[in-house]
Amino acid sequence: MKRKTKDQGHSQGKLTRRTAVMGGLQLAFVGALGLRMRHLQVDQADQFRLLAEENRINIRLIAPTRGELFDRNGKVLARNVQSYRLIIVREDAGDVDQVIANLSKLVRLDPGELEQAMVEMRRSPPFLPITLADRVTWEDLSRVAVNAPALPGITPEVGLTRVYPRGPDLAHVVGYVGPVSDYDLEKIEDPEPVLRIPRFHIGKVGLEAKEEDLLRGKAGAKRVEVNATGRVMRELDRQEGQEGADIQLTIDAELQAYTQARLKGESASAVVIDCETGDLRAIVSSPSFDPNLFVQGISVADYSRLRDDKYRPLANKSVQGVYPPGSTFKMVTALAALEAGSVSPNDTVWCPGHMEISGRRFHCWKRGGHGHMDLLNSLKQSCDVYYYDVAIKVGIDRIAEMARKLGIGVRHDIPMSAVARGLAADKAWKQETYGQNWQIGDTANASIGQGYILASPLQLAVMSARIATGRKVTPRLVKSVDGVEQPNLSSEPLGLNENHLRQVRKGMFAVANDRRGTGYRSRIIEETMRMAGKSGTSQVRNITKAERAAGVISNADLPWERRDHALYVAYAPADNPKYAVAVVVEHGGGGSSAAAPIVRDVMLQALYDGTPPLEAYPTGDRDRIQAQQEELQRDQDEREISQSDRA
């Protein structure tokens, strides 16, 4: 029997150890690989599943439905209507130029709209949908759907477009929406993601802009599955957004439409306010414009026409325009003097047609003068000299304080664009603004609503309502939000002596109802609806001494832009005020001739809640009023046809 040699045993032992080491290394490698596979397949399964799903699942925002606007009676002022559009998602489309070329063979694409879409694509993330064509027809939509395989990344959508069925009637109140711009985003500190969707619409002006947060709502989101070409295969789930709030205004759409029609042909404004609640029943600026033109982007030609119109249709004269209030301010001066004890109702001032103040002659509108004037007659006949005298006695600071108490020089908080503060100037204001001392001549000018005094039609309507009631009537434009009634604003007593208010009201009643009153020709005949008012004429040019000596040039002989502004304020019924109205006709001439008839007609329309009977008008006016009513009815019929077309 052979024995193993020593060398052979040693070699066999070495081989066994080497095999064991190699086997151990192999086992360790396999074990590590197994642990790594377990880590990837089990521990990190959710993460890799998400990465895989992101290649086939997109999350897209759902634009919220914008809240709608209604008048106080539930009539639609701004609504959303369905429209079809074609969108493209760049990351799903691949060759964008080729896809658009294929699409253009099926659907006519507007070059301007297409250029805008290309700009938006270049500046937006690749996953954001971009609108290529808006308001396409159902036939166009069908052709796109049939040819879907050749149009990766293109998706037909049903969207909502804002429509203003009453057109120009409420353009300055409601405003309009438009696509979000870079300027809009810059004004917002932390824009919501939905605002970055190209062509997402937000309010630009008017109530649409001021109540944007309420009207916009909150965006939703949806998960959709797409195939390799980017075509949406199915919707996996959806989280609905929150619709915007519906807002009901205090405006009466029919009264608004009548007032707009009554101001036709004038550069003018009118405000009707409820004396009890402060509700704004009508707030009109004429001429107006069609807000529907702005929703998708107004043409250069249309915008140029509006911009270059000397009557300024884009300006909201009712709240943005400020004017010297002229003689409509005399009630302010009178109340300041009465409250200060500087004058009593029976005190008289001699009016020879002018008054010398610091070596300067301040004229009355009546060249020959009014003779002896007390408070009632000074209002009835609008004597300027009376107010020069009492203003110097009471001083400008008390006059300015009274103006602010009555709503002038105060910015009223209503959700409209560019609401003006106006100006109730005093000594401190002039020193701060111009670094100059207040002069006694400044007081004389201010006493009759000239010089530094400025007021908007809204402020004049508020002033009239506060004089009529003795309470702090505060204007309100929003009646309810999603059916929840909004509170009436402050209407506490002004703290004025009731007897002083009564004396001023008597003067205003005489203006409209006494034969010598400046507003007598525009009176209301119906006993239960008698109106109290005050006319005003504010100069927009200086009358030289030479012109006054030769005879002041009449407004009819002057260019339109150099004529006086015409104003009239009123409330009715005089013994139980329901409404106050203010009208300003730019360069209209005399307040009693140009503005007073409009106030009377609008007031009657409000009081009767529709067309008033001819018996409410003076006998001599009835034929003209009947013809006017027939013309306005024709205009109303045309508007209703136009509104039904928009709807």
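What you see is a predicted model; the values in this text were computed from it and never measured.

Brief notes about the sheet that holds strand 11 (residues 268–274)
Taken together, 5 strands build an open sheet; the order of strands is 12-11-21-20-19 and the sheet is antiparallel. Each end of this open sheet is capped by a strand with a single partner; those strands are strand 12 (280–286) and strand 19 (532–538). Taking each pair of neighbouring strands and ignoring which way they run, the sheet shows an average axis angle of 10°. Pairing geometry for strand 11 and strand 12, over 6 bridges, is antiparallel. Paired with V272 across the two strands is A282, which belongs to strand 12.

Topic: the pattern of salt bridges
One pass over the structure, following the stated rule, counts 32 salt bridges. The closest approach of N and O atoms between E356 and R361, which form a salt bridge, is 2.9 Å. When salt bridges with common partners are traced through the structure, they connect R66, R162, E192, E208, E212, D213, R216 and K218 into a single cluster.

A short note on the packing of aromatic side chains
Counted according to the given criterion, the structure contains 11 aromatic pairs. Consider the rings of Y434 and Y452, whose centres lie 6.0 Å apart with planes at 35°: the pair is tilted. With a gap of 18 residues between them, Y434 in helix 18 (residues 427–434) and Y452 in the loop between helix 19 (440–447) and helix 20 (457–469) connect regions that are remote in the sequence. Y434 gets classed as partly exposed once you look at its relative accessible area, which sits at 47%. Taking the relative accessible area as the measure of exposure, Y452 reaches 25% and is therefore partly exposed. The interplanar angle of 50° and the centroid separation of 5.8 Å between the aromatic rings of W438 and Y452 together place this pair among those described as tilted.

A few points about the packing of helix 4 (residues 96–104) against helix 5 (residues 111–123)
The contact between helix 4 and helix 5 brings their axes to 13 Å, and the two run at 155°. By the criterion of interaxial angle, the relationship of helix 4 to helix 5 is roughly antiparallel. Of the two elements, helix 4 crosses helix 5, and the hand of that crossing is right-handed. Each of V96, D97 and I100 in helix 4 lies in contact with helix 5, whose residues at this interface are L114, M118 and M121.

Focus: the packing of helix 16 (residues 384–394) against helix 19
At a minimum axis separation of 8 Å, helix 16 and helix 19 run at an interaxial angle of 125°. It follows that helix 16 is oblique to helix 19 by the angle criterion. Crossing of helix 16 against helix 19: the hand is right-handed. Listed contacts from helix 19 to Y387, Y388, A391 and I392 of helix 16 are I440, T443, A444 and S447. Here the residues of the contact of helix 16 with helix 19 are counted per class, giving 6 nonpolar, 2 polar and no charged.

Digging into the side chain of N513
Position of N513 among the secondary structure elements: in helix 21 (residues 498–513). A polar contact of 2.8 Å, which involves the side chain of N513, links it to the backbone oxygen of M531. Excluding anything up to four places from it in sequence, N513 contacts Y520, R523, I524, R530 and M531.

Quick notes on a nonpolar patch on the surface
On the surface, F29, V30, L33 and M37 cluster together into a nonpolar patch covering about 410 Å² of accessible area. Here V30 lies in helix 1 (residues 6–43).

A look at helix 4
Looking at helix 4, one finds that the buried residues are V96, V99, I100 and L103. On an axial view of helix 4, the arc spanned by its buried residues comes to 95°, and they lie on one face. The elements touched by buried residues of helix 4 are strand 3 (76–89), helix 3 (90–93), helix 5, strand 4 (129–136), helix 6 (138–146) and strand 5 (154–163).

What counts, and at which threshold
All residue numbers here refer to positions counted from 1 along the written sequence of the relevant chain. In keeping with the predicted nature of the model, local features appear solely for residues at pLDDT of at least 70, side-chain atom pairs appear and are counted solely at 80 or more, and the whole-chain, interface and lining totals rest on all residues. Water and hydrogen atoms play no part in the side-chain values, which are based on all heavy atoms of the structure. Strand pairing follows a simple DSSP-based rule, namely that at least 2 bridges must link the two strands. Helix and strand labels come from DSSP, where a helix needs a run of H or I of at least four residues and a strand needs a run of E of at least two; each type is numbered from the N terminus. Lines fitted to C-alpha atoms define the axes here, with helix axes fitted over just the stretch in contact, and angles between the N-to-C directions of these axes take values from 0 to 180 degrees. We count a salt bridge whenever a side-chain nitrogen from Lys or Arg sits within 4 Å of a carboxyl oxygen from Asp or Glu. Side-chain rings of Phe, Tyr and Trp (the six-membered ring for Trp) are treated as a pair once their centres are within 6.5 Å; stacked means planes under 30 degrees apart, edge-to-face means over 60, and tilted covers the remaining angles. Buried residues are those whose accessible area, probed at 1.4 Å on protein chains only, stays under 20% of the maximum for their type, while exposed residues exceed 50% and partly exposed ones sit between those limits. In what follows, roughly perpendicular refers to angles from 65 to 115 degrees, roughly parallel to angles under 35, roughly antiparallel to angles over 145, and oblique to any angle outside these ranges. In this scheme, a crossing is called left-handed if the near helix is turned counterclockwise away from the far one by less than a right angle; it is called right-handed if the turn is clockwise. In what follows, residue pairs with any heavy atoms lying within 4.5 Å of each other are defined as contacts. Charged residues are taken to be Asp, Glu, Lys and Arg, nonpolar residues to be Ala, Val, Leu, Ile, Met, Phe, Trp, Tyr, Cys and Pro, and polar residues to be all remaining types, Gly included. Polar contact is the term for a pair of N or O atoms within 3.5 Å; when the atoms are in protein, one must be able to donate a hydrogen and the other to accept it, and sequence-neighboring residues count only if both atoms are side-chain atoms. Patch membership requires more than 30% relative accessible area and the absence of a salt bridge. Residues of like charge join within 9 Å; the nonpolar side chains Val, Leu, Ile, Met, Phe, Trp and Tyr join within 5 Å. We get accessible surface area from the Shrake-Rupley algorithm with a probe of 1.4 Å; when it comes to residues, only the shown protein chains can shield them. In this description, one arc is meant: the one made by directions from the helix axis to the C-beta atoms.

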